[in-house]
Amino acid sequence: PLLPQTSIQRPLSPLEVKRIQTEITQLNQQAQTQLEEGKEIEAFRLWYRELKLQRAIGKLAEIEALGRIGNIAWSNNLSSDLQNISERLVMLQQEIVETKKNNLQLLNSLGQSYQQVRDIDRAIAVYQQLLTKSQKDLNKQQNILETLGKLYLAKFDYQQAADIYNQLLNLLANNNLDQSQALTTSKKQDYLEQLATIYDFSTEPNQAILVKEQLAEYYLKNQAQLEQLAKLKISLAQDYQSLNKLKLASQHYQEAASLALSLQQFALASEALQKLGQ
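On a predicted model such as this, the values are computed, not experimentally measured, just so you know. (Residues numbered from 1 in each chain as written. Predicted model: local features only at pLDDT ≥ 70, side-chain atom pairs only at ≥ 80, totals over all residues. Heavy atoms only, no water.)

Undergrad: Quick question: what am I supposed to make of the packing of aromatic side chains here?
TA: Two aromatic rings are characterised by how far apart their centres lie and by the angle between their planes. For the structure shown, the criterion picks out four aromatic pairs. With centroids separated by 6.2 Å and ring planes inclined at 45 degrees, the aromatic side chains of Y165 and Y191 adopt a geometry described as tilted. Here Y165, found in helix α8 (residues 158-174), pairs with Y191, found in helix α9 (residues 181-201); they are 26 residues apart in sequence, far enough to count as distant. Note on Y165: relative accessible area 2%, which makes it buried. By way of ring pairs, the aromatic residues F44, W47 and Y48 are connected into one cluster. For R118, the ring lying beneath its charged end belongs to W74, and the centroid distance is 3.7 Å. (Phe/Tyr/Trp six-rings, centres within 6.5 Å; stacked < 30°, edge-to-face > 60°. Helix = DSSP H or I, 4+ residues; strand = E, 2+ residues; numbered from the N terminus. Buried < 20%, exposed > 50% of the residue type's maximum accessible area, 1.4 Å probe, protein only. Lys NZ or Arg CZ within 6 Å of the ring centre and 35° of its normal.)

Next up, the structure:
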């Protein structure tokens, strides 16, 4: 009864939209209460009613609601509800593609909703699309690449993740992004840390060493990160040891032990000395 009973296709009036949104808020609150009481079927019956009303408002409202409710289904291991919601997102994506309009807001919302329902592959495909459409906006590119990096890591695709974080480093090095120098430095350190972790997981000591040597310079400049520098020195030593470069490995173990002792990080110093002894 909230929807206009007419055969004429017309946009909803502001008053009609407001009435629908009020009903949506109430349905969501009721559904949350039912879920808290352990009544999952009753809760999702209400949420499905909400989704039908969101559909009347428009694609953006429906996609955002599908992501939110899909996340609830995932958190509560409700596979059939999660599948229903995922299938509806796919249908909406097809409709968006068929309109052949570069609606970046819809695509961005779709990518976020795919993340919420844990459909990583489809989320990646959407963000790759967005990346192609955002070539002139460097800050938007940066945000999309950061999201892609996290998604590739979530599916343990270390090669693709490494490519993404290397792209981010190149973006910082070659372009004047609309951000402060402090933020740029912080971002670069974050990307290097992610790359170091990736190369450790994928057992690429040569690549790991290149990244960790850069990271060491950042930690050395920041007194608050000296403990991280000691840990990094141990990690670097292990990389050199795996390549049978024992002199360099020994040097980094000694530096790690010395630094850890000066910081009174005795467990860390002990670890470095034990590995040095070996």
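Undergrad: Can you help me understand the nonpolar core in this one?
TA: Across soluble globular proteins, nonpolar side chains have a tendency to be buried as a group. Counting residues in each nonpolar core, the largest one holds 79 residues, and the members touching the most others are W47, Y114 and L148. Discounting residues that sit within four places of it in the chain, Y114 has contacts with L89, V90, Q93, D119, R122, A123 and V126. (Core = buried A, V, L, I, M, F, W, Y, C linked by side-chain atoms within 4.5 Å. Contact = heavy atoms within 4.5 Å.)

Undergrad: Would you mind showing me how to read helix α11 (residues 226-242) here?
TA: Think of an α-helix as turning once every 3.6 residues; residues three or four places apart then point the same way. For α11, built from 17 residues, the straight-helix expectation of 24 Å at 1.5 Å per residue is met to within 8% by its first-to-last C-alpha distance of 24 Å. Among the residues of α11, L226, L229, A230, L232, K233, I234, S235, L236, A237, D239 and Y240 are the ones counted as buried. Phi turns positive one or two residues past the end of α11, at N244, with a value near 65 degrees. (Expected span 1.5 Å × (residues − 1).)

Undergrad: It is not clear to me how the packing of α11 against helix α13 (residues 266-277) should be interpreted in this structure. Could you clarify?
TA: The relative placement of two packed helices comes down to the angle between their axes together with the axis-to-axis distance. In contact at an axis separation of 11 Å, α11 and α13 are set at 15 degrees when each is read in the N-to-C sense. By the angle class used here, α11 and α13 are roughly parallel. Along this stretch, α11 crosses α13, giving a crossing that reads as left-handed. Only L268, E271, A272 and K275 of α13 make contact with α11, whose side of the interface consists of E227, A230, K231, I234 and Q238. Considering only residue class, the contact of α11 with α13 consists of four nonpolar, one polar and four charged. (Axes fitted to C-alpha atoms, helices over the stretch in contact; angles between N-to-C directions. Parallel < 35°, antiparallel > 145°, perpendicular 65-115°, else oblique. Left-handed = near helix turned anticlockwise from the far one by under 90°. Nonpolar A, V, L, I, M, F, W, Y, C, P; charged D, E, K, R; others polar.)

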